[in-house]
Amino acid sequence: MAGYEVALNGTVISLVGNTTAYVPYTGYGTYIVTIRAFDAAGNFSTRAQIGIAVDPPPPPPPGA
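A. Structural view of the pattern of salt bridges. The final tally for this structure, using the stated rule, is 1 salt bridge. Here Glu5 and Arg36 are joined by a salt bridge, their closest N and O atoms 2.7 Å apart. With Glu5 in strand 1 (residues 3-8) and Arg36 in strand 3 (residues 29-38), this pair connects stretches of sequence that are 31 residues apart. The class for Arg36 is buried, based on a relative accessible area of 17%.

B. Broad picture of the sheet that holds strand 4 (residues 48-54). The strand order across the open sheet built from 4 strands is 2-1-3-4, with neighbouring strands paired in antiparallel fashion. Here the strands that pair on one side only, and so sit at the sheet edges, are strand 2 (11-16) and strand 4. Shown here is a sheet whose adjacent strand axes are inclined to one another by a mean of 25°, direction ignored. Where strand 3 meets strand 4, 7 bridges bridge the pair, whose relative direction is antiparallel. Note on strand 4: the bridge partner recorded for Ile35 is Ala48.

What counts and what doesn't
- Residues numbered from 1 in each chain as written.
- Predicted model: local features only at pLDDT ≥ 70, side-chain atom pairs only at ≥ 80, totals over all residues.
- Heavy atoms only, no water.
- Salt bridge = Lys/Arg side-chain N within 4 Å of Asp/Glu carboxyl O.
- Helix = DSSP H or I, 4+ residues; strand = E, 2+ residues; numbered from the N terminus.
- Buried < 20%, exposed > 50% of the residue type's maximum accessible area, 1.4 Å probe, protein only.
- Pairing = 2+ DSSP bridges.
- Axes fitted to C-alpha atoms, helices over the stretch in contact; angles between N-to-C directions.

Shape descriptors only; they carry no functional weight alone.
See the structure below:
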């Protein structure tokens, strides 16, 4: 199998064979998603990393 290893906050959450992966989150906060490709021989690429911030919605306006 060849594909991608997807990690969330340092924990591998899935190995996918295509370019789409579900990344679960548990609420507001900052998440680090790391992805690296691998081939059928088990060789891995260097990691690519992105940070995602999930902010709470703004408070309602006064008097709402």
